[in-house]
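Observations on chain architecture
One letter stands for each residue in the lines below.
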Amino acid sequence: MILSSKNGIMCVITKLDGGKLKKLGILLCLLSLGFIFYNSSRPGALSNLRSYGIVQSIRDVKYDVEGKTNTTKAKAGVLPISSRDEKINLIIRKNAHAFEYALLAVLVSNVLFSLGLKGKNALTTIMFICLLFAVTDEFHQMFVPGRTSLVSDVIIDFSGSLVGIVLFYIAYYKIYVKRLIKNKKGLDIK
């Protein structure tokens, strides 16, 4: 794999053939699905502690930047101590859901495009896959201790996947296809 920089954008040039790239894309999709399933399989208390650890890390960085001492440093394994911390924790958890599904949508889009499925059919297939997994994931959470199954989480997950689809389409049509057209015109001139 060779990395080069052209026009301020990092380009990845690889010597893998199309078949290996398709297999790699499928593997990344499966890993993403597995990662989401793994996170949903964790008991609510463990998942909550992990996200609260992120709240604490953000707070620590904030105090470091401001040059202040963090007087509210929490001990490891301690849940939020204020309603504000609980709200921030909830925001982080819901954004993590959306981010996981945005990444999933990008990976699914990449696989479908590499398999030659594009346009409206690809779009509906991507949305269907992401929505189906969001619904089944929430159903699965009903059986995990301390977790709940919420329609609002399905909506957040699906919204994240829509963001991922938009990002993929922008990257694909505005950058990749534009570059292919530009390179093709450059080859025609010579």
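This one's a predicted model, so the numbers in the text were calculated from it and none came from an experiment.

**What to know about the confidence of the model for the chain**
- In this model, the chain carries an average pLDDT of 82, and 82% of its residues clear a pLDDT of 70 or more.
- Confidence drops under pLDDT 50 across residues 1–14; counting only partners more than four residues distant or on other chains, this segment forms 19 contacts.

**Notes on a nonpolar patch on the surface**
- The grouping of L21, L24, L27, L28 and L31 at the surface amounts to a nonpolar patch, some 420 Å² of accessible area in total.
- In this fold, L21 is placed in helix α1 (residues 18–41).
- Judged by its relative accessible area of 37%, L21 falls in the partly exposed class.

**Looking at the packing of aromatic side chains**
- Within this structure, the stated rule accounts for 10 aromatic pairs.
- An angle of 80° between the planes, with centres 5.0 Å apart, marks the rings of F113 and F168 as edge-to-face. Of this pair, F113 sits in helix α3 (residues 83–114) while F168 sits in helix α5 (residues 151–189), placing them 55 residues apart in sequence. Across the pair, exposure class does not vary: F113 and F168 are buried alike.
- Ring geometry for F113 against Y172: centres 4.7 Å apart, planes inclined by 80°, an arrangement best described as edge-to-face. Here Y172 lies in helix α5 and F113 lies in helix α3, a separation of 59 residues in the sequence.
- By the ring-pair criterion, three or more aromatic residues cluster together here, those being F113, F168, Y169, Y172 and Y173.

About the thresholds
- Residues numbered from 1 in each chain as written.
- Predicted model: local features only at pLDDT ≥ 70, side-chain atom pairs only at ≥ 80, totals over all residues.
- Heavy atoms only, no water.
- pLDDT = per-residue confidence, 0-100.
- Contact = heavy atoms within 4.5 Å.
- Patch = residues over 30% accessible without salt bridge, like charges linked within 9 Å, V, L, I, M, F, W, Y side chains within 5 Å.
- Areas by Shrake-Rupley, 256 points an atom, 1.4 Å probe, with all protein chains shown as cover.
- Salt bridge = Lys/Arg side-chain N within 4 Å of Asp/Glu carboxyl O.
- Helix = DSSP H or I, 4+ residues; strand = E, 2+ residues; numbered from the N terminus.
- Buried < 20%, exposed > 50% of the residue type's maximum accessible area, 1.4 Å probe, protein only.
- Phe/Tyr/Trp six-rings, centres within 6.5 Å; stacked < 30°, edge-to-face > 60°.

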